[in-house]
Structure formats: C-alpha cells, structure tokens
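Below, each chain spelled out in residue letters.
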Amino acid sequence: MVKLFNIVMKDNEISCDYTPESSDKVGHVVVDTKSFEIKNVRFSDYEFGKKMYVSHVRSELEKMLTSKAQIPKEITAMWY
C-alpha cells in the first residue's frame, strides 16, 4: 500500500508526496507527463522496498494521466 498526496500538475510534470504502508516517512516523486518517466525522486526513509514503492507511485500517476479524469488531491494504491 502506498498513499499519494499533494498531487500537482505543472507544465509537463506531475508530482506528489507519498508514504509507504502506514508510515509517516514521506518521499517525493516527479514524473514527465508525456513519457511517464521519473524525472526526480526523493525516496521515503521507510526501511523496505524503496524502489518498489516509487514504481507503484509512478504507475498510479500514469494511470491518472491516461484516464483523462480529474486529478485527485490524494489516492491510496493497494496491490497484492
């Protein structure tokens, strides 16, 4: 589970803060809105799976962009 919040679109970027699981350890991700590639990342200090959580954040941001729906302020993504 990862919570995405403070989701902001500006120019050709979408960015958000995120917290893995139920932690309070915040990270930040910036993704290019055209290529969906990560432009910048500040990993959360959460002890486990740093790259895995960022991968899920990037994927959720891409889903938001391709759905053409209004960008939410926050979202929680779960997988198993």
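Because the structure is a prediction, the values reported are computed rather than measured.

So, about the nonpolar core. Ranked by internal contacts, the top residues of the largest apolar core, which has 16 residues, are Val2, Leu4, Ile7, Tyr18, Val57 and Leu61. Only strand 1 (2–10), strand 2 (13–20), strand 3 (27–32) and helix 1 (50–67) provide two or more residues apiece to this core. At six residues, helix 1 tops the list of elements feeding residues into this core. Filtering out sequence-adjacent residues up to four positions away, Val2 remains in contact with Tyr18, Thr19, Pro20, Glu21, Tyr53, His56, Val57, Ile75, Thr76, Ala77 and Trp79.

This part is about the packing of aromatic side chains. Applying the stated criterion across every chain, the model contains three aromatic pairs. Ring geometry for Tyr46 versus Phe48: centroids 6.1 Å apart, planes at 75°, classification edge-to-face. Through a chain of ring-to-ring contacts, the aromatic side chains of Tyr46, Phe48, Tyr53 and Trp79 assemble into a single cluster.

What counts, and at which threshold
Residues numbered from 1 in each chain as written. Predicted model: local features only at pLDDT ≥ 70, side-chain atom pairs only at ≥ 80, totals over all residues. Heavy atoms only, no water. Core = buried A, V, L, I, M, F, W, Y, C linked by side-chain atoms within 4.5 Å. Buried < 20%, exposed > 50% of the residue type's maximum accessible area, 1.4 Å probe, protein only. Helix = DSSP H or I, 4+ residues; strand = E, 2+ residues; numbered from the N terminus. Contact = heavy atoms within 4.5 Å. Phe/Tyr/Trp six-rings, centres within 6.5 Å; stacked < 30°, edge-to-face > 60°.

Honestly, that's just the spatial picture; any functional story needs more than this.
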